[in-house]
Amino acid sequence: MKRADLQAIVASGFGDRGAARYVFVRARAGSTPEEVRAELAARALPHVVSIESNKPHAFAQLAFGPGGLRAIGLDDEELDTFPREFVQGMAHPERARVNGDRVDEWHLGRGGLDVLIAVFAGSDGAALALERAMLDGARHLERACEPLVASRLPDQTEHFGFRDGVSQPSILGVHGDPRGPERPVPTGEFVMGYENVYGQLPAAPSLSPARGVGLPESRVSPGRRDLGDGGAYLVLRKLEQDVFAWRAWLREASRPLAGYVADPEAYLGAKVVGRWASGAPLVTCPRADDPAHATKNDFDYDLDLSGLACPRGAHIRRTNPRGALPPSPPRSRAAVETRRLVRRGRPYGPPAGDAPDGEARGLVFVCLCANLARQFEFVQQTWVEGVKFDGGWSEDDPLVGARRAGADRFTIPRDPVRYAPRGLPRFVTARGGGYFFLPGMDRLRWLLGARG
Ligand code: HEM
């Protein structure tokens, strides 16, 4: 595999770089595609790193929404070779219906997002300095809105206090050793130009031979030139978290458990997530948190099909059911392999103190996949928002669900008592986002340079 052709975020979330800024950029009115390409090539491209690059203190990753591709000169016929979900964009009513979004509640991307420059650095100052070096004084590029600035929370936690980013797929050819007993996921589940779980090359965008001069022939669209190799789709969602509603609910809803479990709040929170605050999975630590299991990921639900340890509706069991779904664990694992996501998100906003402070905080949810509909949208629609997931009824994801149409309960089977609180508040509200094309390095250079 050509590792130097993949932007580095495919392989890593850059955990060693504590600072990140998600900068949304657009072309200035009146700028031509040549001017926009030249400026992106001169100002941003030199900072974009691949998996193989030595990473400087601060660097960038570059991705395009449909408007960004138009701004660098792609025409409608070429955009139509991208998937419909991408071309419509996350704010389109059809996509909003699928994802369960209310776009009237959004602050970001209601009119689409054109170009994403994600900056990662060892310090906040260095991240800001790189953003400014790329954009201050630019003649053809401008910031479309305020950047989303990632925050620093202790021990890789998100704002509700749970360790995040524990479970990730190992990608064949990208990661060395599989992390756990799971087999590595075929590269084409995340990167175009490689075989996916069906042994096929993923659909990929293309250009006519006349327009795609210098590009190799497409292997999925005969007679056309390839734009997809080494590329992926990047989903970005600004998910606001109401930490005080979450804490208040935990306090109230855990009261009936007093006397049955040692720490009712910690227990209820763990049942919702599927892991304890440290990250330890309920399947391996059913009774109490054990930080020694904090990064444990080699577990499955076959010995817990009824959800006595990890409830069937818990967040991590919905978003990666592993062997839990009918008709059998092996069939479940095979089906679930077609729905994997590589998560690269980070929290934004200040850590929550003891008292409500009116600050906005949440998760910049970022994930990568090669097929937006089959992977991200399916997980979001059918597993996160699905009110009948795995035999459930009137339940959505208890942690992140939108609580639509009366879906406001959560069932913990008997362990030691059955408990099914109702009236769950909405803890997470989508505030916007977009679908982006994250080109491979060769295609990125071509897009920004070699077009006549
Ligand atoms: C503010 C919103 C969210 C929060 C606070 C959150 C939090 C968490 C936490 C604490 C974990 C467990 C740690 C880990 O395994 O990495 C987790 C896992 C996961 N989440 Fe979320 N999450 C959010 C939104 C979402 C959304 C919208 C999706 C998908 C559409 C998603 C997909 C996943 C997946 C795939 C896993 C890994 C499950 C596994 O492989 O076992 N999350 N999340």
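Residues numbered from 1 in each chain as written. Predicted model: local features only at pLDDT ≥ 70, side-chain atom pairs only at ≥ 80, totals over all residues. Heavy atoms only, no water.

1. Considering the domain arrangement of the protein
Structurally, the protein comprises domain 1 (3-237 + 437-450) and domain 2 (241-341 + 375-433). Centre-to-centre separation of domain 1 and domain 2, based on C-alpha positions: 30 Å. Each partner contributes residues to the interface: domain 1 has 37 residues there, and domain 2 has 40 residues. Carbon and sulfur atoms supply 53% of the area that domain 1 and domain 2 bury against each other, a total of about 3,200 Å² over both sides. In this structure, the connection of domain 1 to domain 2 is made through three salt bridges. Linking domain 1 with domain 2 are 14 residue pairs in polar contact (both at pLDDT 80 or more). For the side of domain 1 that touches domain 2, the secondary structure elements donating two or more residues are helix H5 (93-99) and strand S8 (232-241). (Domains from an automatic or database assignment. Contact = heavy atoms within 4.5 Å. Buried area = accessible area lost by both parts, 1.4 Å probe. Salt bridge = Lys/Arg side-chain N within 4 Å of Asp/Glu carboxyl O. Polar contact = N/O pair within 3.5 Å; in protein donor to acceptor, adjacent residues only side chain to side chain. Helix = DSSP H or I, 4+ residues; strand = E, 2+ residues; numbered from the N terminus.)

2. Focus on the coordination of the iron atom of the ligand
You will see that the iron atom of the ligand has only one donor from the protein, His315 (NE2), lying 2.1 Å away. Inspection of the secondary structure assignment puts His315 in helix H9 (residues 315-319). (Donors = N, O, S within 2.8 Å, 3.2 Å for Na, K, Ca; no water.)

3. Some thoughts on the side chain of Arg346
Take Arg346: it is sitting in strand S10 (residues 346-348). We note that Arg346 is buried and unpaired, the nearest opposite charge coming from Asp16 at a distance of 6.5 Å. Here the side chain of Arg346 touches Gly13 through a polar contact of 3.0 Å, landing on its backbone oxygen. If near-sequence neighbours (up to four positions away) are discounted, Arg346 is found in contact with Gly13, Phe14, Gly15, Arg17, Gly18, Ala19, Ala20, Tyr22, Phe120, Ala150, Leu363 and Val364. (Buried < 20%, exposed > 50% of the residue type's maximum accessible area, 1.4 Å probe, protein only. Lys, Arg positive; Asp, Glu negative; His and termini not counted.)

4. Thoughts on the site of the ligand
As a matter of local geometry, the ligand sits amid 25 residues, with Val166, Ser167, His315, Arg322 and Arg343 nearest to it. Within the side chain of Arg343, one N or O atom sits 2.7 Å away from an oxygen atom of the ligand. Counting only elements with at least two residues in the shell around the ligand, the list comes to S8, H9, strand S11 (362-369) and helix H11 (373-384). Residue composition of the shell around the ligand, grouped by class: 12 nonpolar, seven polar and six charged. Each of domain 1 (3-237 + 437-450) and domain 2 (241-341 + 375-433) contributes no fewer than three residues to the shell around the ligand. (Near = heavy atom within 4 Å. Nonpolar A, V, L, I, M, F, W, Y, C, P; charged D, E, K, R; others polar.)

5. Considering helix H8 (residues 264-273)
The buried count for H8 comes to eight of 10 residues, which makes it a mostly enclosed element. For H8, the complete set of buried residues consists of Pro264, Tyr267, Leu268, Gly269, Ala270, Lys271, Val272 and Val273. Turning to H8, the residues buried within the fold contact helix H7 (243-253) and H9. Of the residues trailing H8, Gly274 is marked for its positive phi of about 100°.

6. Some remarks on the pairing of S11
The element S11 is largely enclosed, with a buried count of eight among its eight residues. Where S8 meets S11, eight bridges bridge the pair, whose relative direction is antiparallel. When the sheet's bridge partners are listed, Tyr233 is paired in S11 with Cys369. Across two bridges, the pairing between strand S9 (residues 342-343) and S11 is antiparallel. Bridge assignment links Val342 to a residue of S11, and that residue is Leu368. The pairing of S10 with S11 spans three bridges and is classified as antiparallel. Across the sheet, the residue bridging to Arg346 is Val364, located in S11. (Pairing = 2+ DSSP bridges.)

7. A word on the environment of Arg237
Here Arg237 is to be found in strand S8. Sequence-wise, Arg237 and Val213 are 24 residues apart; in three dimensions their C-alpha atoms are separated by 35 Å. Residue contacts for Arg237: discarding those within four places in its chain leaves Met90, Asn99, Asp101, Leu363, Val364, Phe365, Phe376, Gln380, Ala430, Gly432 and Gly433.

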